[in-house]
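Chain by chain, the residues run as shown.
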Amino acid sequence: MPKTKTKGGSALKEITRIELDEPKMYHVVLHNDDITTMEFVVMILATVFHKSEIEANALMLQVHKKGNAIVGTYSFDMANTLQIKASQLARKAGYPLNITIEPAK
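Structure report, in brief. (Residues numbered from 1 in each chain as written. Predicted model: local features only at pLDDT ≥ 70, side-chain atom pairs only at ≥ 80, totals over all residues. Heavy atoms only, no water.)

### Comments concerning the packing of aromatic side chains
Scanning the entire structure with this criterion turns up two aromatic pairs. On the basis of an interplanar angle of 75° and a centroid distance of 5.3 Å, the ring pair of Tyr-26 and Phe-76 is categorised as edge-to-face. With a gap of 50 residues between them, Tyr-26 in strand S3 (residues 25–31) and Phe-76 in helix H3 (residues 76–93) connect regions that are remote in the sequence. Taking the relative accessible area as the measure of exposure, Tyr-26 reaches 19% and is therefore buried. (Phe/Tyr/Trp six-rings, centres within 6.5 Å; stacked < 30°, edge-to-face > 60°. Helix = DSSP H or I, 4+ residues; strand = E, 2+ residues; numbered from the N terminus. Buried < 20%, exposed > 50% of the residue type's maximum accessible area, 1.4 Å probe, protein only.)

Spelled out as structure tokens, the structure:
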């Protein structure tokens with residue numbers, strides 16, 4: 001909202017412009033291990049990362065075959081929240097699922 005200054009009976013308007021940068025984005029990466037089941041990975045992708053069954057299965061296979069997969073790109077706060085949520089579910093189920101966050105390029 002513009003600020004109004006009064007000087008000698010006349011009103012002057014001062015406009016302040018604020019430029020906002022786009023937030024830096026981060027990839028959430030799932031890594032393969034020999035213990036976490038494929039079914040559990042699909043469940044994490046569907047429930048935590050809101051992937052469709054087809055997307056979740058495709059990402060799970062990429063993790064299994066290539067060793068890792070980017071499962072989403074988010075602001076840091078969202079990426080961190082999703083990483084924590086997925087990691088907590090994995091630990092609670094007894095799986096060592098490794099999930100990392102890295103800057104998007």
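### A word on the packing of helix H1 (residues 38–47) against helix H2 (residues 53–66)
Where H1 contacts H2, the axes come no closer than 9 Å and their chain directions differ by 130°. Here H1 lies oblique to H2, going by the angle between them. Read as a crossing pair, H1 and H2 show a hand that is right-handed. For the pair H1 and H2, contact is made by Met-38, Val-41, Val-42, Leu-45 and Ala-46 and by Ala-56, Asn-57, Leu-59, Met-60 and His-64, respectively. Partitioned by chemical class, the residues of the contact of H1 with H2 number eight nonpolar, two polar and no charged. (Axes fitted to C-alpha atoms, helices over the stretch in contact; angles between N-to-C directions. Parallel < 35°, antiparallel > 145°, perpendicular 65-115°, else oblique. Left-handed = near helix turned anticlockwise from the far one by under 90°. Contact = heavy atoms within 4.5 Å. Nonpolar A, V, L, I, M, F, W, Y, C, P; charged D, E, K, R; others polar.)

Everything listed here is a matter of coordinates, which is why it stays silent on function.
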